[in-house]
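Here's the letter readout for the chains.
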Amino acid sequence: MRFFQLLFGLSVAALLTGCARPAKVQTTKLPIYDVVINHVTIVDVVTGQLLPNQVVSILKGKIIKVEPADRDSYAAKQYVNGNGRYLIPGLWDMHVHFRGGDTLMAANRKSLTLFLAHGITTVRDAGGDLTSSIFQWRRDMDAGKLAGPRIFTSGPKIDGPQAYWPGSLEVETVPQIRKAVDSLKRLQVDYVKIYDSKISGQAFLNTISQAQRRGLRTTGHMPYSVTLGEAVKRGLDATEHLYYVFKACSSKEDSLTALVRNSLQTPKPLGLFAMLPAVYDTYSPEAADRIFKLMAKHKTAVVPTLHIGKTLSELAENNHAQDTMRAYIDPRIQATYTRRLASAQQQSPAARAFSQKLEAKFYTLVPLMQAAGVPILAGSDSGPFNSFIYPGASLQDELQELVRAGLTPLQALQAATINGAKFMGVADRTATIAPGKDADLLLLTANPLENIANIKHIDAVVSRGKAYPAAALTNMLRAVKNP
């Protein structure tokens, strides 16, 4: 009996053993990244800290991992050697123009290469007449058919009747403003750009209100018939250039504004340039402090565009005939530079001296605004008709001018990275180096925190998760160089 019990027990055990699944051998399969940047020093543009010997792994246009380089087993389609190099987010140019109509469309398209080759991975188009082309370029870049920066665009500018720039939406009445802003909303622009060649003060303020009701940001030039304080309180998100901030720094701003308003009914209305000497003579540190605090409170940003101001103020002495960048600018765009060059050469010595004095004053405003908490955005104003302000290179020059004005290299980098992303509402996905962020990066051979000019020492650019080493960037430039 015991024999049969033992036999039965062994049979059950064998049966159970046969039903058991064999143990799996655990293996670790390494992911294959699109790009791996190894042994690099990361520059944190938020804190200014340096993180040495890091590995950045990129897949499908996104940063997947940022970790210490303590192993070499990273599988990737493309390796980038970061040893002795510094990694920063790709630069943002927050004021560029694509314009000139269909005859300049192809010439504008070439500028995409210039931006990328100079480390600019995002631009903000500040109004023009090539909106449909811009949307097509964006689709082509997203599909990998075209290399270039990400583009935020305002579409056509909003201005008054008989506007200066072709393609502008001309408004005066509230129904006209509603129609114009609704058309921009349907177009799915990223923000609204207002221009001051003909727009009235009331139409300017009403445009801000109508855009705000539709959830659209507003920036622009301002007619001198309104005060910056009025626009800030109405909800203006950013002011382009420093002419309008400067007027708000006058101790006589209200009376100067009233003078402009009253002149509008006369045969010779007063404009910005006619009023600037009076604004200069009535500059008040107390008034400046008040407007900067108001802008900081409402988070109204400013785009100083110092480099173009300096360049235009010096045009009479420098015709830029020897600029190496001219070799990459389409002759049709170079032809648009002649108007401002001719105008500068006809300036009187007194007008020329005042222009340079004014620009020097503008430089003093920048560190004051930074200290007050006004968001500062780096923008070049490059594009057709803006003489010798070259796509890509001019943003690098702008950062150097911001530092000359009194910003630290870190603050200048912030103006060209995280500040732009915050303004456009996309800081959660871009402009810093962290997992989950867009892989738009700039690899430098020298530390930009030590010298901002080091942003010109480019070893590679990563755009939409694809790495372009220096040799590839050189080839891209050769492709757009004039024959």
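Summary of the structure given here. (Residues numbered from 1 in each chain as written. Predicted model: local features only at pLDDT ≥ 70, side-chain atom pairs only at ≥ 80, totals over all residues. Heavy atoms only, no water.)

A few words on the overall build of the protein chain. A tally of regular secondary structure across the protein chain gives 18 helices and 17 strands. Oriented by its inertia axes, the alpha-carbon framework of the protein chain measures out at about 125 × 50 × 45 Å. Taking as baseline every contact in the protein chain between residues at least 6 positions apart, the subset at least 24 positions apart corresponds to 74%. Of the accessible surface of the protein chain, which amounts to about 21600 Å², a share of 54% is contributed by carbon and sulfur atoms. (Helix = DSSP H or I, 4+ residues; strand = E, 2+ residues; numbered from the N terminus. Contact = heavy atoms within 4.5 Å. Areas by Shrake-Rupley, 256 points an atom, 1.4 Å probe, with all protein chains shown as cover.)

Next up on the list: the sheet that holds strand S6 (residues 91-96). Read across the sheet, three strands follow the order S6-S7-S8 without closing on themselves; strand pairing throughout is parallel. The sheet terminates laterally at S6 and strand S8 (150-153), the two strands that pair on one side only. Between one strand and the next, the sheet's axes are offset by a mean angle of 20 degrees, whatever the strand orientation. Where strand S7 (residues 120-125) and S8 come together, four bridges link them in parallel fashion. What sits directly across from Val123, in S8, is Ile151. The sheet contacts of helix H2 (residues 105-117) involve S6, S7 and S8, and relative to S7 the element is tilted by about 130 degrees. Each of S7 and S8 touches helix H3 (residues 131-142); the most contacted strand, S8, lies at about 150 degrees to it. (Pairing = 2+ DSSP bridges. Axes fitted to C-alpha atoms, helices over the stretch in contact; angles between N-to-C directions.)

Right, let's get into the pattern of salt bridges. By the definition in use, this model includes 17 salt bridges. Asp438 is the partner of Lys62 in a salt bridge, and the nearest nitrogen-oxygen pair spans 2.5 Å. You can see Lys62 sitting in strand S3 (residues 62-68) and its partner Asp438 sitting in the loop between helix H17 (418-423) and strand S15 (441-444), a full 376 residues away along the chain. A relative accessible area of 29% means that Lys62 is categorised as partly exposed. In this structure, Asp330 and Lys110 form a salt bridge, with 3.5 Å as the shortest nitrogen-oxygen distance. Of this pair, Asp330 sits in the loop between helix H11 (306-313) and helix H12 (331-334) while Lys110 sits in helix H2, placing them 220 residues apart in sequence. (Salt bridge = Lys/Arg side-chain N within 4 Å of Asp/Glu carboxyl O. Buried < 20%, exposed > 50% of the residue type's maximum accessible area, 1.4 Å probe, protein only.)

Ranked by size, the top nonpolar core spans 87 residues in total, and within it Leu91, Phe98, Phe204, Phe292 and Met369 carry the most contacts. Per-element accounting of this core gives the leading share, six residues, to helix H14 (residues 349-372). Those residues in contact with Met369 that sit more than four places away from it in its chain are Leu242, Val245, Phe292, Val302, Val374 and Ile376. (Core = buried A, V, L, I, M, F, W, Y, C linked by side-chain atoms within 4.5 Å.)

This part covers the environment of Pro31. If you trace the backbone, Pro31 turns up in the loop between helix H1 (2-19) and strand S1 (32-43). The class of Pro31 is partly exposed, set by a relative accessible area of 38%. As for Pro31 and Ser209, which are separated by 178 residues in sequence, their C-alpha atoms are 50 Å apart.

Our focus in this paragraph is unusual backbone geometry. Its identity as a non-glycine residue notwithstanding, Gln162 has a phi of 60 degrees, on the positive side. Its place among the elements puts Gln162 in the loop between strand S9 (158-159) and strand S10 (169-170). In the Ramachandran plot, Asp381 falls in the positive-phi region, its phi being about 70 degrees despite a non-glycine side chain. The exposure class assigned to Asp381 is buried, which follows from its relative accessible area of 7%.

All right, on to the packing of aromatic side chains then. Overall, the coordinates contain 14 aromatic pairs when judged by the stated rule. Judged by centre distance (6.2 Å) and plane angle (75 degrees), the rings of Tyr243 and Tyr244 are edge-to-face. Each member of the pair, Tyr243 as well as Tyr244, carries the same accessibility label: buried. Through pairs of rings, three or more aromatic residues link up here, namely Tyr224, Tyr243, Tyr244, Phe246, Phe273, Tyr280, Tyr283, Phe354 and Phe362. Sitting above the plane of the Trp165 ring, Arg99 keeps its charged end 4.0 Å from the centroid. (Phe/Tyr/Trp six-rings, centres within 6.5 Å; stacked < 30°, edge-to-face > 60°. Lys NZ or Arg CZ within 6 Å of the ring centre and 35° of its normal.)

Where H11 meets H14, the closest approach of the two axes is 9 Å, and the angle between their N-to-C directions is 165 degrees. The orientation of H11 relative to H14 falls into the category roughly antiparallel. The crossing of H11 and H14 is left-handed. Contacts between H11 and H14 pair Leu306, Gly309, Lys310 and Ser313 from the former with Arg352, Ser355, Gln356, Glu359, Tyr363 and Val366 from the latter. Looking at the contact of H11 with H14, its residues break down into three nonpolar, four polar and three charged. (Parallel < 35°, antiparallel > 145°, perpendicular 65-115°, else oblique. Left-handed = near helix turned anticlockwise from the far one by under 90°. Nonpolar A, V, L, I, M, F, W, Y, C, P; charged D, E, K, R; others polar.)

With that settled, the discussion passes to the pairing of strand S17 (residues 466-469). The pairing of strand S16 (residues 458-463) with S17 spans four bridges and is antiparallel. Bridging from a neighbouring strand, Val461 pairs with Tyr468 of S17. Joining the antiparallel neighbours S16 and S17 is a turn of two residues, in which Arg464 adopts a positive phi near 55 degrees.

Here we take up the side chain of Asn108. Note that Asn108 resides in helix H2. Here Asn108 falls in the buried class, since its relative accessible area comes to 1%. Beyond its immediate chain neighbours, meaning those up to four positions away, Asn108 contacts His97, Phe98, Arg99, Leu130, Trp137, Ile333 and Pro384.

Two elements in contact, helix H9 (residues 272-281) and H14, have axes whose closest approach is 11 Å; the angle formed by their N-to-C orientations is 50 degrees. Compared by their axis directions, H9 and H14 come out oblique. Crossing of H9 against H14: the hand is left-handed. Where H9 approaches H14, its residues Leu276, Pro277 and Tyr280 are matched on the opposing element by Phe354, Lys357, Leu358 and Lys361. A breakdown of the residues in the contact of H9 with H14 according to their chemical character gives five nonpolar, no polar and two charged.

A word on H14. Between its terminal C-alpha atoms H14 stretches 36 Å, which fits the 34 Å expected from 24 residues at 1.5 Å a residue. Taken together, the buried positions of H14 are Ser355, Leu358, Glu359, Phe362, Tyr363, Leu365, Val366 and Met369. The inward-facing, buried residues of H14 contact helix H7 (243-248), H9, helix H10 (285-298), strand S14 (301-303), H11 and helix H15 (393-405). Within two residues after H14, Gly373 carries a phi angle of roughly 95 degrees, on the positive side. (Expected span 1.5 Å × (residues − 1).)

Everything listed here is a matter of geometry and, on its own, says nothing about what the molecule does.
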